[in-house]
Each structure stands twice: as C-alpha cells, then as structure tokens.
Amino acid sequence: TIVPRFNPKTVQELKKYVPEIEAASGEHGFHSIPIADIYLRMGEETAESGSKSVRLALKLYEEAFHIYQAQVGDCDKRTINARILIGDALLALERHDDAIDSFCTAVYMREALLGELHPDVGQVWLKISSIHHERQQYELALKACAKALTSYRKEYGDKHARVLAILRNISKIHTHLGNHGKAADID
C-alpha cells in the first residue's frame, strides 16, 4: 500500500482544527454534519497550498461528502456542493475523467434541486464545458456552454459580464469547430 505524502506545513496548520473536531464529535458524533462542515473548511483552506495539499483537500472533501451522503442523502445541497469540491480537486490533480464524472452527477442533482435555469447549475455546466474544451471535445464543450448561457442569461440578462464571457467562449468553440461565420455573428 502506498501512503500519500502531504505537505507537512499544511498538516501542521490543520492541527488547529483538532479541538473543534473533538468538541463536535463529543457533542454530535464523529460522523455528524458538524464534523463534515469542519472537513469542508479544512479542505478549502488546504486546497490552495499546492498539489500535495490538493490531495489532502480531496481526502477531506471525500470524507465530508460521505458523511453528508449518509446523514442527509445525495440530493441535499451540502452533499452536492461537496461533490463539486471533489470535482474541483480532481481537476486540479489533472484527473479529468474523474472530475467530469463528479461534475456531471452534481449538475444533474443541482438541476433537480434548483431547476435547470439556476445560475448555480450554470456554474457547473461551465466547469464541464472547460474540461471538454481543454480535451478538444468541442461539440460537448459547446453543448455544456450553451446550457450555462441559458441559465446566466435568465438570471443576469444579455449585457452582464458573465453572459458576455460565456458568449466569447462559445465564439472560441465555434472557431475551433471551423464555424467561423457563427463565431463572427457571436462576436
């Protein structure tokens, strides 16, 4: 068995959470929502410290996810958000297939919870689109980007900076597909 190595400085910094974890586990149990919330905060703090730390953040997100899943189910906002953080960590570790799986599950669950046109759903479609774009899967990138555009347009209107950024991205994708006329129309 290979034991992953984590950034020692990051591990040392996370020790400040030990009293909080001990108190929450004593009051609520070790597999409780408050423990999962602490794991998420630890993961978010850790994720910004480099690739070794991203692996640790991934482990923390996965622990939080499993607790949320067991306590409140797959369709709870907290479970879905943890799944998205897992996808972000997987993407940072260049595990694109795993990241896309995590994001795809999360986007459909968010759609069921919030509706297809919610901007939080659009946010995940943008993550999916960027992975497909990076992998030169332009048709898939375009479909995901179009879904994000629909939700952002509904929320913010046609002239909002986020909508314009998505339109620029769609234009780039059309250029990659050789649809220069469509790209020019969008620009």
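Conventions we followed
Residues numbered from 1 in each chain as written. Predicted model: local features only at pLDDT ≥ 70, side-chain atom pairs only at ≥ 80, totals over all residues. Heavy atoms only, no water. Helix = DSSP H or I, 4+ residues; strand = E, 2+ residues; numbered from the N terminus. Contact = heavy atoms within 4.5 Å. Areas by Shrake-Rupley, 256 points an atom, 1.4 Å probe, with all protein chains shown as cover. Core = buried A, V, L, I, M, F, W, Y, C linked by side-chain atoms within 4.5 Å. Buried < 20%, exposed > 50% of the residue type's maximum accessible area, 1.4 Å probe, protein only. Expected span 1.5 Å × (residues − 1). pLDDT = per-residue confidence, 0-100. Axes fitted to C-alpha atoms, helices over the stretch in contact; angles between N-to-C directions. Parallel < 35°, antiparallel > 145°, perpendicular 65-115°, else oblique. Left-handed = near helix turned anticlockwise from the far one by under 90°. Nonpolar A, V, L, I, M, F, W, Y, C, P; charged D, E, K, R; others polar. Salt bridge = Lys/Arg side-chain N within 4 Å of Asp/Glu carboxyl O.

**Description of the overall build of the chain**
- A count of helical and extended segments in the chain gives 10 helices and zero strands.
- Taken from the N to the C terminus, the helices and strands of the chain come in the order α-α-α-α-α-α-α-α-α-α.
- Principal-axis analysis of the C-alpha atoms places the extent of the chain at approximately 60 × 35 × 30 Å.
- Residue pairs in contact within the chain that sit at least 24 positions apart in sequence constitute 52% of those at least 6 positions apart.
- Surface accessibility of the chain: about 10,400 Å² in total, with carbon and sulfur atoms responsible for 51%.

**Details of the nonpolar core**
- Membership of the largest hydrophobic core comes to 52 residues, with the highest contact counts inside it found for Tyr39, Met42 and Ile128.
- Counting residues per element, this core draws most heavily on helix α4 (residues 51-72), which supplies 10 residues.
- With sequence-adjacent residues up to four places away left out, Met42 is seen in contact with Leu14, Tyr17, Ile21 and Leu60.

**Description of helix α3 (residues 33-47)**
- The first and last C-alpha atoms of α3 sit 21 Å apart over 15 residues, in line with the 21 Å expected at 1.5 Å per residue.
- Buried within α3 are the following residues: Ile33, Ile35, Ala36, Ile38, Tyr39, Leu40, Met42, Gly43 and Thr46.

**Some details on the confidence of the model for the chain**
- With 92% of its residues at a pLDDT of 70 or more, the chain shows a mean pLDDT of 90.
- Per-element confidence in the chain ranges from a low mean pLDDT of 70 for helix α1 (residues 8-14) to a high of 97 for helix α5 (residues 77-92).

**Observations concerning the packing of α5 against helix α6 (residues 96-114)**
- Interaxial distance between α5 and α6 falls to 8 Å at its minimum, and their mutual angle equals 155 degrees. Of the possible angle classes, the one that applies to α5 and α6 is roughly antiparallel. α5 and α6 meet at a crossing whose hand is left-handed. On α6, the residues touching Lys77, Ile80, Asn81, Arg83, Ile84, Ile86, Gly87, Asp88, Leu90 and Leu91 of α5 are His96, Asp98, Ala99, Ser102, Phe103, Thr105, Ala106, Met109, Arg110 and Leu113.
- For the contact of α5 with α6, the per-class residue count stands at 10 nonpolar, five polar and five charged.

**Side note on the pattern of salt bridges**
- Tallied over the entire structure, the rule returns eight salt bridges.
- For the salt bridge of Arg41 with Glu20, the shortest nitrogen-to-oxygen distance reads 2.2 Å. Here Arg41 is found in helix α3, whereas its partner Glu20 is found in helix α2 (residues 18-28), with 21 residues between them in sequence.
- A relative accessible area of 35% means that Arg41 is categorised as partly exposed.
- With its nearest N and O atoms 2.7 Å apart, the salt bridge here joins Lys127 to Asp88. Taken together, the residues span a long stretch of sequence, with Lys127 in helix α7 (residues 119-134) and Asp88 in helix α5 at a distance of 39 residues.
- By relative accessible area, which is 19% here, Lys127 ends up buried.

**Quick look at the packing of α2 against α3**
- At a minimum axis separation of 9 Å, α2 and α3 run at an interaxial angle of 160 degrees. In terms of orientation, α2 lies roughly antiparallel with respect to α3. Pair α2 / α3 crosses with left-handed handedness. Across the interface between the two elements, Glu20, Ile21, Ala24, Ser25 and His28 of α2 pack against Pro34, Ile35, Ile38, Tyr39, Arg41 and Met42 of α3.

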